[in-house]
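# Report on the structure
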Amino acid sequence: MRVNRSLLSVAGMAVLLLTAISPSSATSGEGAQYLGEPDYGVCRGTDPRCYHDWGNFDPAKGFRLLVYSRTAGFRHPHLGAALGPGMNPPLKDDNVAIKAVLELGKENGFAVDYTEDVTQLATAGKLLSYNAVMFLSSTRDALDDAAQTSLRQYVRAGGGFIGVHNAFGTEYNWPWYEGLLGNANFYDHGPNQPGTVVTVNRRDASTQGLPPRWAFTDEWYNLIPYPTRVRVLAEVDEGTLPNGVRGSLGHPGHGDHHPVSWCQYYDGGKAWLTTLGHDVKSWTDEPLEGDQHFIRHLLGGIKSVLGAAPFCR
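Reading the values: rules and limits
Numbering of residues begins from 1 in every chain and follows the order in which that chain's sequence is written. Predicted model: local features are reported for residues with pLDDT of at least 70 only, side-chain atom pairs are reported and counted for 80 or more only, and whole-chain, interface and lining totals are derived from all residues. Working from all heavy atoms in the structure, the side-chain values ignore hydrogens and water. A pocket here means an open set of points on a 1 Å grid, computed over the protein atoms alone, that has protein on both sides within 12 Å along at least five of seven lines. A cavity is instead a set of points where a 1.4 Å probe fits but cannot get out; residues with an atom within 4 Å of a point line either one. Grid points are joined across faces, edges and corners, and a volume is the space filled by probe spheres set on the points. Going along the chain from the N terminus, every DSSP run of H or I of four or more residues is numbered as a helix, and every run of E of two or more is numbered as a strand. Put simply, Ala, Val, Leu, Ile, Met, Phe, Trp, Tyr, Cys and Pro go in the nonpolar bin, Asp, Glu, Lys and Arg in the charged bin, and everything else, Gly too, in the polar bin. Multiply 1.5 Å by the residue count of a helix minus one, and that product is the helix's expected span. Relative accessibility under 20% of the residue-type maximum defines a buried residue, over 50% an exposed one, and the middle range a partly exposed one, all with a 1.4 Å probe and only protein chains included. For this quantity, the arc is that covered by the directions from the helix axis to the C-beta atoms. Under this definition, polar contacts are N or O atom pairs within 3.5 Å; protein pairs additionally need one hydrogen-donor-capable and one acceptor-capable atom, and for neighbouring residues in sequence, both atoms have to be side-chain atoms. The term salt bridge refers to a pairing of a side-chain nitrogen on Lys or Arg with a carboxyl oxygen on Asp or Glu at a separation within 4 Å. For the purposes of this section, nonpolar cores are sets of buried Ala, Val, Leu, Ile, Met, Phe, Trp, Tyr and Cys residues that join through side-chain atoms within 4.5 Å. Residue contacts are defined here by distance: any two heavy atoms, one from each residue, within 4.5 Å place the two residues in contact. Any two cysteine sulfur atoms within 2.5 Å of one another count as a disulfide. Only strands joined by at least two bridges in the DSSP assignment are considered to pair.

## Details of the layout of surface pockets
- Approximately 260 Å³ is the volume found for the largest pocket.
- In this structure, the largest pocket is lined by 14 residues; those nearest its centre are Ala100, Trp283, Thr284, Asp285 and Ile295.
- Per element, the largest residue contribution to the lining of the largest pocket is six residues, and it comes from helix H2 (residues 96-108).
- There is about 200 Å³ of room inside the second largest pocket.
- Lining the second largest pocket are 13 residues, with Phe74, Arg140, Asn166, Tyr172 and Phe186 positioned closest to its centre.
- Considering only residue class, the lining of the second largest pocket consists of five nonpolar, six polar and two charged.

Here is the structure:
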């Protein structure tokens, strides 16, 4: 039978157009719902077959976390003063987020190193001495070419990545990193305000023991793109935000399903991600409603990426 190739071409374009506007991965309700799903050319999603164990992260050797908080733009108050060069430079009183992660490690049996010196990320071999790397409110172009290559090779060897708060405002123009974030990026946010976090998946190590709904205060990031092929762990109920969800650049929010934490396998590695953690009180003993749930959530995510607890369940 002879096939009319021009008709097939037109039909194919129609299918592509319908796919592009399909709400198959959209949220219900009002708001920005379908915001693109770029193809990053890697194995990603919730299938553990995307994971590699080439890095040979032997639990018998203990667990080590590297915290990276270099900023090349706005610096969040919870980071405090910029750190000096090298690994584990002296901390000041206002470096509260890093101090909080150090305390979590001390209390839960994993070692923590920290740096804002990009040369400390210069080789994948050096990164492979860590079970996970955390980007803690890093900003803009926080990596040079050598560090980008090292991070990618580290993840491809089965390394773990934890992105916290403004990790989503980092390396905007590097598609592979956007994929590492779960096909998500920071676009804008409304005012820092109280809201209610909804625990979506209570089987994961980072959500076990959390209440179904808990109060917290944050900036509630609006995202472009919107995370896809990930396991959403927690969302914010936009209806509980007293000042609304519309961001400073006009983003209308995400409607009924506004994710704030999720996890995925990506290009051989593991990634646990949260947009939460803006308020300085999240990281200190100063009272903030729900901060104990945030810290428990973060700790579970860290342990799951380190390999000390099941990952992304």
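## Quick notes on helix H4 (residues 145-156)
- Along its 12 residues, H4 runs 17 Å from first to last C-alpha, staying within 8% of the 16 Å computed at 1.5 Å per residue.
- All buried positions along H4 are accounted for by Ala147, Gln148, Ser150, Leu151, Tyr154 and Val155. The buried residues of H4 occupy one face: seen down the axis, they fall within an arc of 165 degrees.
- Where H4 starts, the residue carrying a side-chain oxygen 3.3 Å from the main-chain nitrogen of Ala146 turns out to be Asp144.
- Just past H4, the residue Gly158 takes up positive phi, approximately 100 degrees.

## A look at the pattern of salt bridges
- Going through the model one piece at a time under the given rule, you end up with six salt bridges.
- When the shortest N-O distance is used, the salt bridge between Asp47 and Arg49 registers 2.7 Å.
- Taking the relative accessible area as the measure of exposure, Arg49 reaches 72% and is therefore exposed.
- The residue Glu116 makes a salt bridge to Arg75 at a minimum N-O spacing of 2.7 Å. Of this pair, Glu116 sits in the loop between strand S3 (111-115) and helix H3 (124-127) while Arg75 sits in the loop between strand S2 (64-68) and H2, placing them 41 residues apart in sequence.

## Describing unusual backbone geometry
- Backbone torsion omega between Ile224 and Pro225 reads -5 degrees, so that peptide bond is classified as cis.
- Tracing the backbone through its elements, the reader meets Pro225 in the loop between strand S9 (222-223) and strand S10 (231-237).
- Of note in the backbone geometry, Asn183 takes a positive phi value of approximately 65 degrees without being a glycine.
- With respect to the element layout, Asn183 can be found in the loop between helix H5 (175-180) and strand S6 (186-188).
- Residue classification places Asn183 among the buried positions, given a relative accessible area of 0%.

## Some points on the nonpolar core
- Judged by nonpolar contacts, the single largest core of 45 residues is most densely connected at Leu65, Met134, Leu136 and Trp283.
- Setting aside residues no more than four positions away along its own chain, Leu65 makes contact with Val101, Phe110, Ala111, Val112, Asp113, Tyr130, Ala132, Val133, Met134, Ile162, Ile302 and Leu306.
- Judged by nonpolar contacts, the second largest core, of 33 residues, contains Val133, Ala142, Ala147 and Ala184.

## Here's the deal with the state of the cysteines
- Using the criterion set out here, one finds two disulfides in the structure.
- Note on cysteine connectivity: Cys43 is disulfide-linked to Cys50, with sulfurs 1.8 Å apart. Disulfide Cys43-Cys50: torsion about the S-S bond near -65 degrees, hence left-handed.
- On the basis of relative accessibility, which here comes to 5%, the residue Cys50 falls in the buried class.
- Between the sulfur atoms of Cys263 and its disulfide mate Cys312 the distance is 2.1 Å.

## Section: the pairing of S10
- Two elements, strand S7 (residues 193-199) and S10, share four bridges in a ladder whose sense is antiparallel. Each bridged residue has a counterpart across the sheet, and for Thr199 the counterpart in S10 is Ala234.

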